Amino acid sequence: MKQRTPVVINILIIIGLLIVFYYLFVQSYAFLSSPYFWGTVVIAGILAYIHGAIGDLIENNKFKKLSPEEKAAYLAEKKVPFFKRLYQSAFKKQSASEEKDILIDHGFDGIMELDNQLPKWWVGLFYFGTAFCIVYIAAYSFTDFAHPLSEYEKEYKEQLAAIDKYMAEQPPVTIESAKYSADNIAAGEEIFKTTCVSCHSDGGRGGIGPNLTDNYWHNQPEKTLFKNVFHVVENGVTGTAMQAWGKNGVLTGADIQNVAAYVYHINQEQQPITPAQGGAPPYGEEAHWEKE
């Protein structure tokens, strides 16, 4: 008579499987605080105990029918710890007489084949994988679970919400707190293309507005280039087409910081676009900026 798996082990396996299947559908561990999950665990535990009690009754009934020798062998095996018994069964080798009983009547080149049973852990993994595959395919086919477009939309909305929350909690960027960062250049270029390119042309080469790539500036209210661009974009220039993008509420402080980073980049980190290359001629006085 074979030894049975302890009820506690069965319950732990059930809880592990429940965690796996809950996570498949919830896609987070938030269910661990849900009463529905723990209710399922309690019900599964009760059913496992009932199953174990029924198994005990069947086992006792079979035990009564064993011979004294079989009873002694069964009780001796029962004293072996479960995990030790499991390890021994996984790597147990047959005796010569046992091999003779499971020897298959064919071979090749003197090599004979034994009709060994597959290990229980392997069979268990196979059935678990099969059940998992069925559940996964059903969930993928008839629900939004694991659907790449649905997951993308969900994560995209979460990221937008996180950005909005971050921006709402951050203090507004002012000329005092603004700092140059290369990470802001790409965002500043996009704002420049939609807001500034009509006057300053592509790449800041100049047109209606002055060339932003050379070192000649008509307005120099600040001592550093980055702060100067921030000031001009925020406050505008009286008597010109340069409006106060910040004071008018068109651009936020963060937007102006990004634009200033882009203008600083094309002015200080790239070669100027000369009139021979299609740039506007110098306008204003040569600037002598302090280092950032």
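Conventions adopted
- Throughout, residues of each chain are indexed from 1 in the direction in which the sequence is written.
- In view of the model being predicted, local features appear only for residues whose pLDDT reaches at least 70, and side-chain atom pairs are presented and counted only at 80 or more, with totals across whole chains, interfaces and linings using the full set of residues.
- In computing side-chain values, all of the structure's heavy atoms are included and hydrogens and water are not.
- To define a nonpolar core, start from buried Ala, Val, Leu, Ile, Met, Phe, Trp, Tyr and Cys residues and group those joined through side-chain atoms within 4.5 Å.
- Buried residues are those whose accessible area, probed at 1.4 Å on protein chains only, stays under 20% of the maximum for their type, while exposed residues exceed 50% and partly exposed ones sit between those limits.
- What counts as a helix is a DSSP run of H or I of at least four residues, what counts as a strand is a run of E of at least two, and both are numbered from the N terminus.
- Pairs of residues are marked as contacts when any of their non-hydrogen atoms sit within 4.5 Å.
- Throughout this description, a polar contact denotes any pair of N or O atoms lying within 3.5 Å of each other; where both atoms belong to protein, one of them has to be capable of donating a hydrogen while the other can accept it, and for residues adjacent in sequence the pair is counted only when both atoms sit in side chains.
- Any helix carries an expected span of 1.5 Å times its number of residues minus one.
- Interaxial angles span 0 to 180 degrees and are taken between N-to-C directions of axes, which are lines fitted to C-alpha atoms, for helices over the stretch in contact.
- The labels follow the angle: roughly parallel below 35 degrees, roughly antiparallel above 145, roughly perpendicular from 65 to 115, and oblique for the rest.
- Each residue gets one of three labels, nonpolar for Ala, Val, Leu, Ile, Met, Phe, Trp, Tyr, Cys and Pro, charged for Asp, Glu, Lys and Arg, and polar for the others, Gly among them.
- By convention in these notes, a salt bridge is any Lys or Arg side-chain nitrogen within 4 Å of a carboxyl oxygen on Asp or Glu.
- UniProt positions are given in the numbering used here, feature names are shortened, and annotations may be inferred rather than shown by experiment.
- For Phe, Tyr and Trp, rings pair up if their centres lie within 6.5 Å, where Trp contributes its six-membered ring, and each pair is then called stacked (planes under 30 degrees apart), edge-to-face (over 60) or tilted (otherwise).

(A) Focus on the nonpolar core. Among the nonpolar cores identified, the biggest contains 25 residues, and Trp217, Val229 and Val263 are the most heavily contacted of them. Secondary-structure elements contributing two or more residues to this core are α8 (185–195), α10 (225–235) and α11 (253–268). Among the elements that line this core, the one with the most residues is α11, at eight residues. When near neighbours in sequence (up to four residues on either side) are disregarded, valine 263 contacts Phe192, Leu212, Trp217 and Val229. Listed in part, the five residues of the second largest apolar core include Leu18, Phe37, Val41 and Ala44.

(B) Representation of the side chain of lysine 227. Tracing the backbone shows lysine 227 in helix α10. Within the structure, lysine 227 has its side chain in polar contact with the backbone oxygen of isoleucine 175 (distance 2.4 Å). Setting aside chain neighbours within four positions, we find lysine 227 in contact with Ile175, Glu176, Ser177, Ala178, Glu222 and Glu292.

(C) Local environment of helix α1 (residues 7–26). Look at α1: 28 Å from first C-alpha to last across 20 residues, which is about the 28 Å you get at 1.5 Å a residue. Residues Ile9, Ile11, Leu18 and Leu24 constitute the buried set of α1. On its buried face, α1 is in contact with α2 (35–64), α4 (82–90) and α6 (120–142). Backbone geometry just downstream of α1 places glutamine 27 in the positive-phi region, at approximately 65°.

(D) Up close: the packing of α2 against helix α3 (residues 68–78). Across the interface, α2 lies against α3 with an axial gap of 10 Å and an inter-helix angle of 140°. Taken as axis vectors, α2 and α3 run oblique relative to one another. Contact residues: α2 offers Glu59, Phe63 and Lys64, while α3 offers Lys71, Tyr74, Leu75 and Lys78. Tallied by class, the residues present in the contact of α2 with α3 amount to three nonpolar, no polar and four charged.

(E) Representation of the pattern of salt bridges within the structure. As enumerated under the stated definition, the model contains four salt bridges in all. In this structure, lysine 78 and glutamate 59 form a salt bridge, with 3.8 Å as the shortest nitrogen-oxygen distance. Taken together, the residues span a long stretch of sequence, with lysine 78 in helix α3 and glutamate 59 in helix α2 at a distance of 19 residues. Of the charged contacts in the structure, one is a salt bridge between lysine 193 and glutamate 189, with a shortest N-O distance of 3.7 Å. Highlighted residues: lysine 193 and glutamate 189, both in helix α8, separated by four residues, approximately one helical turn. According to the relative accessible area criterion, glutamate 189 is partly exposed, its value standing at 27%. A single salt-bridge network, built from bridges that share partners, covers Arg4, Asp56, Glu59 and Lys78.

(F) Representation of the UniProt feature "transmembrane region" (unreviewed entry) in the protein chain within the structure. As recorded in UniProt, the feature "transmembrane region" (unreviewed entry) lies at residues 7–25, 37–58 and 121–142. Across residues 7–25, helical content stands at 100% and strand content at 0%; the span's end C-alpha atoms are separated by 27 Å. The straight-line gap between the two end C-alpha atoms of residues 121–142 is 31 Å; of that span, 100% is helix and 0% is strand.

(G) Layout of the side chain of asparagine 267. Structurally, the position occupied by asparagine 267 is in helix α11. Not counting residues up to four positions away in its chain, the partners in contact with asparagine 267 are Leu212, Thr213, Asp214, Trp217 and Leu225.

(H) Just the packing of aromatic side chains, in detail. Scanning the entire structure with this criterion turns up 17 aromatic pairs. Grouped by ring-pair contacts, the aromatic residues Tyr22, Tyr23, Tyr29, Phe31, Phe37 and Trp38 constitute a single cluster.

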